[in-house]
Amino acid sequence: QEACIAGTTTFSSTEAGGSWSSADITIATINSSTGLITGVAAGTVTMTYTISGTGGCPDATATRDVTITAPPVAGTLSGTQEACIAGTTTFSSTEAGGSWSSADISIATINSSTGLITGVAAGTVTMTYTVSGTGGCPDATATRDVTITAPPVAGTLSGTQEACIAGTTTFSSTEAGGSWSSANTSIATINASTGLITGVAAGTVTMTYTISGTGGCPDATATRDVTITAPPVAGTLSGTQEACIAGTTTFSSTEAGGSWSSANTSIATINASTGLITGVAAGTVTMTYTISGTGGCPDATATRDVTITAPPVAGTLSGTQEACIAGTTTFSSTEAGGSWSSANTSIATINSSTGLITGVAAGTVTMTYTVSGTGGCPDATATRDVTITAAPVAGTLSGTQEACIAGTTTFSSTEAGGSWSSANTAIATINASTGLITGVAAGTVTMTYTISGTGGCPDATATRDVTITAPPTAGTLSGTTEACIAGTTTFSSTEAGGSWSSANTAIATINASTGLITGVAAGTVTMTYTVSGTGGCPDATATRDVTITAPPVAGTLSGTQEACIAGTTTFSSTEAGGSWSSADISIATINSSTGLITGVAAGTVTMTYTISGTGGCPDATATRDVTITAPPTAGTLSGTQEACIAGTTTFSSTEAGGSWSSADISIATINSSTGLITGVAAGTVTMTYTVSGTGGCPDATAIRDVTITAP
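Residues numbered from 1 in each chain as written. Predicted model: local features only at pLDDT ≥ 70, side-chain atom pairs only at ≥ 80, totals over all residues. Heavy atoms only, no water.

1. Things to note about the overall build of the protein
The criterion, for reference: Numbering of helices and strands runs from the N terminus, with a helix taken as a DSSP run of H or I at least four residues long and a strand as a DSSP run of E at least two residues long. The quantity called the radius of gyration is restricted to C-alpha atoms. Its globule counterpart is 2.2 Å times the number of residues to the power 0.38. Here's how the labels work: a residue is buried when its accessible area is under 20% of the maximum for its type, exposed when over 50%, partly exposed in between, all with a 1.4 Å probe on protein chains only. Whether two residues touch is decided by their heavy atoms; if any such pair falls within 4.5 Å, the residues are in contact. In this tally, Asp and Glu contribute negative charge and Lys and Arg positive charge; neither His nor the terminal groups of the chain are included. A charged residue contributes its charge at one atom only: NZ of Lys, CZ of Arg, CG of Asp or CD of Glu.
A count of helices and strands for the protein gives zero helices and 79 strands. Here the C-alpha radius of gyration of the protein, 62 Å, is well above what a compact globule of 711 residues would show, namely 27 Å. Its C-alpha atoms give the protein principal-axis dimensions of about 150 × 125 × 30 Å. Across the 711 residues of the protein, 32% fall into the buried class. Sequence-distant contacts in the protein: of pairs separated by 6 or more residues, those separated by 24 or more amount to 51%. Side-chain charges of the protein comprise 9 positive and 40 negative groups, with the mean position of each set lying 5 Å from the other.

Below is the structure:
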């Protein structure tokens, strides 16, 4: 009668056919058929064995207790999980009374009672803490790893032991994973991870390589010296940096002992020791001063450019030598880089860099092109004259700017002597001398008045537009010519831009811009479409009639609104001449002219009475529902057909809404609404279920027997 949590035991009975249950499944569960008990939590729980009663008799039961025991717990382990070889650390548990063991004593040992660990060799080993189980429960264990670490080694150092200031060299070790440091970073720095040394100042400094100890072991270090040497300096160069071809200049340095050289002796030569430069050809050349490096440092060099200049040339001048006042012309030279100037800016100005000449007043003026001399050479100049002429003026134009097709108007100018022209003679022509304009077609056209220019000046022109207007047209009208009162139709024209009006708004209105017609009263009315004339032309109009019709009325419907399946009823309307239709002839049909309805199936269906619309009006309809009722059914009865005296059972039907009755209440009674049967005496009695008929249909009944048994 005991088991561990999660353990099992089995109960049985001398009587077969029963089922087992647990009074508390939070302590132990039991298989209802096999009696197999499984422990859930510590405690004692009662198991019940039940054999069901038959013929209305109560169940038989027997009980037996079982005690569930909690298994042991090894607790939570703690303690530092690393140590050096020959070093120690201690593990402990939150649960006392257990013993410790090592999975590999060649890596580390552990005291079985105190948990003291001693490192033997590098590696990781699992320590196990065991608490013995009681009452048949297995032992409880918990594990915790410890890592034993060997002391680090810094290895053997190598690498070149000298470098220049700002130069580099690299140290390395046979052991990876360490970091480098400099004993004096004012002499040389070292990259902690790569060992790259950078010289800072002249001197010797010790570099240290350190591999960090782990698991309580001290760091391992190794050292190596490096010597830093100062590089040579070429000094600061000076001296005039330009000379003429065949001229000279001298370069010098603040540092003695070096030698000079020219990058291109075809432009200029230089004396290697004195720095005397002699120009050979136009151009710029770099001179280099070199001081040799020592102690492995590279040579030091400094450079300075010198420019050799050829005497300037102004070149050959060209460009049109006449222009209008406010007009332009451009002078140019075969030699670039010079600047232009005008001898008289009151006649013409010139852009100093582009040579663009702008006329100011009539006259002739000299333009000068100057190329500046450099390197002590004099300026070079060349000259060219330009004549400025006054431009013609076309005057101010006037005259009426619109005319009809075939009509005329006249343009004139304040300046005589010019000629007129039309930009489009298909729209309007103009007399070249008199300015008389004649309209040809609708449109706007530009008329131009031209006075010829002289002395190279362009013609002077002035323009003025004239608009030729065509007589308006109202277009062809279209749109449905009938509508219902309160209904709409729309008229339109092939010509846009006009407005609509109604001859009688008491019959129909029309939207002036959209042509939407709305019927007001029955009758016929004329609609007018007007396009306004412009440029003195009269308005254009077109008309179209519309007839407004009164809509039909379906009247008020009447008639009995229910019937049995295969029964009839009749609907009628206060308005004659319509036709009847059924929304669902599977429920009921209706004679289209007489309104006679015949029930087909249970349900409610809408009957529609329709009077056809005329003159574009929609049909008028009215609706009335009719409900068809099916004969009732008592359904299929069910329920246990036996009960003990004073016991109960319940009958039910697949059809709700009926009432129950007993053929013999001395044997059994039945609740009329719930169907609850109560046994009175031994015997068999018939129960009847009745569903009342509606809509003239008879009641529906169904019967079911029940047998009452004595206990």
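Moving on from the coordinates now.
2. Focus on the packing of aromatic side chains
Here is the rule we go by: Note on ring pairs: Phe, Tyr and Trp rings are taken, using the six-membered ring of Trp, and paired if centres are within 6.5 Å. Classes follow the plane angle, with under 30 degrees stacked, over 60 edge-to-face and the rest tilted.
Across all of its chains, the model carries 18 aromatic pairs by this definition. When the centroid spacing of 4.6 Å and the interplanar angle of 45° are considered together, the rings of Trp340 and Tyr369 count as tilted. Taken together, the positions of Trp340 in strand 39 (residues 339-342) and Tyr369 in strand 42 (residues 363-371) put the pair 29 residues apart, joining distant regions of the chain. In this structure Tyr369 comes out as buried when scored by relative accessible area, which is 3%.

3. Quick word on the state of the cysteines
Definition in use: In this description, a disulfide is simply a cysteine sulfur pair whose atoms lie within 2.5 Å.
Tallied over the full model, the rule gives two disulfides. Through a disulfide, Cys324 is tied to Cys457; the S-S separation comes to 1.7 Å. Of this pair, Cys324 sits in strand 36 (residues 322-324) while Cys457 sits in the loop between strand 51 (443-451) and strand 52 (460-469); the two residues are 133 residues apart in sequence, bridging distant segments of the chain. Across the pair, Cys457 and Cys324 agree in class, each one buried. Shown here is the disulfide that connects Cys484 with Cys617, its sulfur atoms set 1.6 Å apart.

4. Here's the deal with the sheet that holds strand 32 (residues 276-279)
Here is the rule we go by: Paired strands, as defined in this entry, are two strands with at least two bridges between them according to DSSP. Note on geometry: axes are lines fitted to C-alpha atoms, helical ones only across the stretch in contact, with angles between N-to-C directions running from 0 to 180 degrees.
The strand order 28-32-31 describes an open sheet built from three strands, whose pairing is antiparallel. Only two strands of the sheet have a single neighbouring strand rather than two, namely strand 28 (248-250) and strand 31 (268-270). Taken pair by pair, the neighbouring strands of this sheet meet at an average axis angle of 20°, ignoring direction. In this sheet, strand 32 lies alongside strand 28 in antiparallel orientation, the contact comprising three bridges. Within the sheet, the bridge partner assigned to Thr248 lies in strand 32 and is Thr278.

5. As for the sheet that holds strand 23 (residues 196-199)
Strand order in the open sheet formed by three strands is 19-23-22, with antiparallel pairing between adjacent strands. Because the sheet does not close on itself, it has two edges, and the strands there are strand 19 (168-170) and strand 22 (188-190). Strand-to-strand twist in this sheet, taken as the mean axis angle between neighbours without regard to direction, amounts to 25°. Pairing of strand 19 with strand 23, which is carried by three bridges, proceeds in the antiparallel orientation. Along strand 23, the bridge assignment pairs Thr169 with Ile197.

6. What about the pairing of strand 34 (residues 300-309)?
In this sheet, strand 34 lies alongside strand 27 (residues 242-244) in parallel orientation, the contact comprising three bridges. By the bridge assignment for strand 34, Cys244 is matched with Thr309. In this sheet, strand 34 lies alongside strand 33 (residues 283-291) in antiparallel orientation, the contact comprising nine bridges. Bridge pairing in strand 34 links Tyr289 to Ala302.

7. Overview of the pairing of strand 39
Alternating residues of strand 39 divide into Trp340 and Ser342, all buried, and Ser339 and Ser341, none buried. The pairing of strand 39 with strand 42 spans four bridges and is classified as antiparallel. The partner of Ser342 across the bridge, within strand 42, is Met367.

8. Remarks on unusual backbone geometry
Look at Ala6: it is not a glycine, yet its phi comes out positive at around 75°. In this structure, Ala6 sits in the loop between strand 1 (2-4) and strand 2 (8-10). Owing to a relative accessible area of 61%, Ala6 belongs among the exposed residues under this scheme.

9. Quick look at the side chain of Ser182
The following threshold applies: Pairing of N or O atoms within 3.5 Å defines a polar contact, subject to two protein rules: one partner must be a possible hydrogen donor and the other a possible acceptor, and residues neighboring in sequence count only if both atoms are side-chain atoms.
On the secondary structure map, Ser182 appears in strand 21 (residues 179-182). Separated by 3.1 Å, the side chain of Ser182 and the backbone nitrogen of Asn184 make a polar contact. In this structure the side chain of Ser182 is engaged in a polar contact, spanning 2.7 Å, whose partner is the backbone oxygen of Ala188. Apart from the residues within four sequence positions on either side, Ser182 is in contact with Ala188, Thr189, Ile190, Val205, Thr206 and Met207.

10. Describing the environment of Thr198
Tracing the backbone shows Thr198 in strand 23. Residues Thr198 and Ala163, 35 residues apart in the sequence, show an inter-C-alpha distance of 7.8 Å. The contact partners of Thr198, leaving out residues within four places of it in the chain, are Ala166, Gly167, Thr168, Ala188 and Thr189.

11. Focus on the environment of Ile270
Mapped onto the elements of the fold, Ile270 is located in strand 31. Residues Ile270 and Thr249, spaced 21 residues apart in sequence, show a C-alpha to C-alpha distance of 9.4 Å. Contacts of Ile270, omitting those with residues within four sequence positions, involve Trp260, Ser261, Ser262, Gly275, Leu276, Ile277 and Met287.

12. Quick notes on the environment of Ala432
The topology assignment puts Ala432 in the loop between strand 49 (428-430) and strand 50 (436-439). The class of Ala432 is partly exposed, set by a relative accessible area of 41%. For the pair Ala432 and Ser353, spaced 79 residues apart in sequence, the C-alpha to C-alpha distance is 45 Å. Once residues lying within four places of it in the same chain are set aside, the contact partners of Ala432 are Gly418, Ser419 and Trp420.

13. Notes on the side chain of Ser662
Looking at the element boundaries, Ser662 is found in strand 75 (residues 659-662). Those residues within four positions of Ser662 in sequence are excluded, and the remaining contacts are Ala668, Thr669, Ile670, Val685, Thr686 and Met687.

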